There are 2 protein chains.
Amino acid sequence: MSPDGSGVRPAEEFDISEYLKHSTDAVNAALDRFLPRAKTRPATIHSAMRYSLFAGGKRLRPALCLAAAEACGGSREAALPFACAVECIHTYSLIHDDLPAMDNDDFRRGKPTNHKVYGEGIAILAGDGLLTQAFEIVVQGKATSRYSHQTIVLELARAAGSLQLIAGQVADLEGEGKPLSQRELRFIHERKTSALLCCSVRLGGMNANCTPAQLNALSDFGYYVGLAFQVIDDILDVTQTSEQLGKTAGKDVTAQKATYPSIVGLEKSRKIAKQLTDKAFRSLQPFKGKAVALDALARYLLERNK
Amino acid sequence: MSPDGSGVRPAEEFDISEYLKHSTDAVNAALDRFLPRAKTRPATIHSAMRYSLFAGGKRLRPALCLAAAEACGGSREAALPFACAVECIHTYSLIHDDLPAMDNDDFRRGKPTNHKVYGEGIAILAGDGLLTQAFEIVVQGKATSRYSHQTIVLELARAAGSLQLIAGQVADLEGEGKPLSQRELRFIHERKTSALLCCSVRLGGMNANCTPAQLNALSDFGYYVGLAFQVIDDILDVTQTSEQLGKTAGKDVTAQKATYPSIVGLEKSRKIAKQLTDKAFRSLQPFKGKAVALDALARYLLERNK
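Thresholds, definitions, all that
Residues numbered from 1 in each chain as written. Chains lettered and ligands numbered in written order. Predicted model: local features only at pLDDT ≥ 70, side-chain atom pairs only at ≥ 80, totals over all residues. Least-squares fit on C-alpha atoms with pLDDT ≥ 70 in both. pLDDT = per-residue confidence, 0-100. Contact = placed C-beta atoms within 7 Å. Helix = DSSP H or I, 4+ residues; strand = E, 2+ residues; numbered from the N terminus. Nonpolar A, V, L, I, M, F, W, Y, C, P; charged D, E, K, R; others polar. Core = buried A, V, L, I, M, F, W, Y, C linked by C-beta atoms within 7 Å. Buried ≥ 20, exposed ≤ 12 C-beta atoms within 10 Å, placed from the backbone. Axes fitted to C-alpha atoms, helices over the stretch in contact; angles between N-to-C directions. Parallel < 35°, antiparallel > 145°, perpendicular 65-115°, else oblique.

J.: Hey, could you run me through the relation of the copies chain A and chain B in this one?
T.: Both copies of the chain are related by one operation, a rotation about an axis with a shift along it. Mapping chain A onto chain B leaves a residual RMSD of 0.0 Å; the transformation is a rotation of 180° accompanied by 0.0 Å of translation along its axis. Put plainly, the chains are arranged around a two-fold axis. Among all residues of chain A, the one whose C-alpha sits closest to the rotation axis is His149 of chain A, at a distance of 3.1 Å.

This is how it looks when you write it as structure tokens:
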């Protein structure tokens, strides 16, 4: 039995950097194949789509998708189209979130945001292009006896749609500068973060023709990893220096952003983060030893700078 | 034989207003069923999506989709999800095209545009929501022995994607105020107009499990109707008064927009319009008497104010 009772080999024995490097390379190569060349006419749009897609993202969602496929007995190779589709959705949402009419960010990962390079019109269209491309890519992954292309497209469309990912961004926009309740904050986190993480691992499972019980376990895993990640992010913003974070610390306080520490205090936030993290790891129990990579990815995400 | 040699009963015998009214009612009812309620949380986004979707659009693309299904021996009822998906794509593209960063239009069909009512951030997200919804809806239409859900999703994603619909908007944006060649202008029309018209009728045909020959005929029909429509639109802009048009005449000249009359002159434009229109009607020949509604819809679109 592992130290945390999850029944999964602890991540220390697993080389997560090596795993992430491998999966990132595979995902980047596949994305490069799926996307039109940068010079394809009209060149502006394809160069703009590629600019953000290859701007150094960590490819965590694709890695989770591939790891989920493996946990259910599938192969990483077969799950690549699903992993790439999820990354296109993630990138489109960042491009649109960064726009002046939304979060108005000039930089992301140290590089100028899409609209700073290509202008707002092209940035909006580059986001639209990647969102549309995600559906073109996802149906190029194989359907299985349990999961048809219909089910797969519904999974992606619902996670990315106006009840999930888009709903999260709307609630976030509308909540700016307002005192939010813990419930309202969770509503945002569930949709802005958990929805697509959940979809990433579920699609991975579907690609491996997973059992309904495995699909449920993956849903729980994605849900709790997403929530835990957000609470920990809020905590780190107030407890770490900018140097430790690698980005401006105390940003949430300055922006008068509702966070777990500002609503329930630092101590209770830590308790909540611990509970959510435990639930995330426990949801991997049904996979026994097969979820090593998923477990390691969750540790990588949730055990930052503790 | 019909007077124009198309082998199709002339549209005069067909009550196009009645047909359009019926199909519009059916499409509106189906869209209302497919879309989340306006009050569904977050209410802003769903109310914004519905605002533009129910802003009085003529539902020409859905009507063409349903008529194509009928021409291939299918039913209008079964083709409704495909018709609704195409209309969601069309509406999203209008919302995004109207944004200040693109065409900067304050009014559409006499009503304030989405961003004038809901602000730019929500308008961008409402467009994203409708684009995503289109894929959720399209897979709710039935697959057939010849056309799987994979084929159907690819059809929609490619027509709406960065090589077609989005490419057209990019080329249009980039061509503003520049002298364009006839070839460049056709590049824009093919993508901004023909791509989605083509997709509308092709999806209708697929819903009726049409033969490959029928699918080709529908592709030609959608392609030529789209091009002819645009050339005629350009001609009317210089030959008609604002009163006759029901919108500001001479807008293209004022905006220094490249048009067929400005590139090849009015006389040659009329000749081109005639050729394209003839090709559109001729492409319906394989359907014999079954394409009455398609023929009438094309006449409705192409025989305006002659």
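Additional details are given in the paragraphs that follow.
J.: How do you make sense of the confidence of the model for chain A when you look at a structure like this?
T.: One rule of thumb: low pLDDT means the predicted coordinates there are not for detailed reading. On average, residues of chain A carry a pLDDT of 93, and 93% of them reach 70 or more. ipTM for the predicted complex: 0.94, alongside a pTM of 0.94.

J.: Help me understand the interface of chain A and chain B in this model?
T.: Size of an interface, as often reported, equals the accessible area lost when the parts are brought together. Facing 41 residues of chain A, the contacting portion of chain B comprises 41 residues. Broken down by secondary-structure element, the contributors of at least two residues to the side of chain A that touches chain B are helix H2 (43–53), helix H6 (120–138), helix H7 (149–160) and helix H8 (165–175) of chain A. Element by element, the count of residues in the side of chain A that touches chain B is highest for H6 of chain A, at twelve residues. For the side of chain A that touches chain B, the residue count by class is 23 nonpolar, 13 polar and five charged.

J.: Got a minute to help me understand the nonpolar core in this structure?
T.: General note: in soluble globular proteins, nonpolar side chains tend to be found buried as a group. Of all hydrophobic cores here, the largest spans 205 residues; its most connected members are Cys65, Leu156 and Leu294 of chain A together with Cys65, Leu156, Ala228 and Leu294 of chain B. If we skip the residues at most four places from it in the chain, Cys65 of chain B touches Ala79, Phe82, Ala83, Val86, Ser200, Val201, Leu203 and Gly204 of chain B.

J.: Would you take a moment to explain helix H2 (residues 43–53) of chain B for this structure?
T.: Of all the eleven residues making up H2 of chain B, eight are buried; the element is thus mostly covered by neighbouring parts of the structure. Of the positions making up H2 of chain B, those classed as buried are Thr44, Ile45, His46, Ala48, Met49, Tyr51, Ser52 and Leu53 of chain B. Residues of H2 of chain B that are buried in the fold lie against H8 of chain A together with helix H1 (16–34), helix H4 (76–98), helix H5 (114–118) and helix H6 (120–138) of chain B.

J.: I keep staring at the environment of Thr277 of chain B and nothing clicks. Help me out?
T.: Residue and element names in this part refer to chain B. Position of Thr277 relative to the elements: it lies in helix H14 (residues 266–282). Residue classification places Thr277 among the buried residues on the basis of 23 C-beta atoms within 10 Å. Thr277 sits 206 residues away from Ala71 along the chain, and the two C-alpha atoms are 19 Å apart. Those residues in contact with Thr277, other than ones at most four positions away along the chain, are Ala228 and Leu302.

J.: Would you mind going over unusual backbone geometry with me for this structure?
T.: Residue Pro42 of chain A is reached from Arg41 of chain A by a cis peptide bond, and omega for that bond is -5°. Mapped onto the fold, Pro42 of chain A is located in the loop between helix H1 (16–34) and H2. You will see that Asn104 of chain B, though not glycine, has its phi angle at about 50°, which is positive. Tracing the sequence through the fold places Asn104 of chain B in the loop between H4 and strand E1 (107–108).

J.: What should I look at first to understand the packing of H6 of chain A against helix H8 (residues 165–175) of chain B in this one?
T.: A pair of packed helices can be characterised by two numbers: the angle between their axes and the separation between those axes. It is the contact of H6 of chain A with H8 of chain B, at a shortest axis distance of 10 Å, that shows an interaxial angle of 170°. As summarised for this structure, H6 of chain A and H8 of chain B are arranged roughly antiparallel, according to the angle between their axes. Together, Gly121, Ile122, Leu125, Asp128 and Gly129 of chain A of H6 of chain A and Ile166, Gln169, Val170 and Leu173 of chain B of H8 of chain B make up the contact between the two elements. The residue inventory of the contact of H6 of chain A with H8 of chain B, partitioned by class, reads five nonpolar, three polar and one charged.

J.: In this structure, what is going on with the environment of Lys288 of chain A? I would like to understand it.
T.: Residue and element names in this part refer to chain A. Relative to the helices and strands, Lys288 is located in the loop between helix H14 (266–282) and helix H15 (292–302). For Lys288, a count of 13 C-beta atoms within 10 Å corresponds to the partly exposed category. Sequence separation between Lys288 and Tyr92 is 196 residues, and the spatial gap between their C-alpha atoms is 35 Å.

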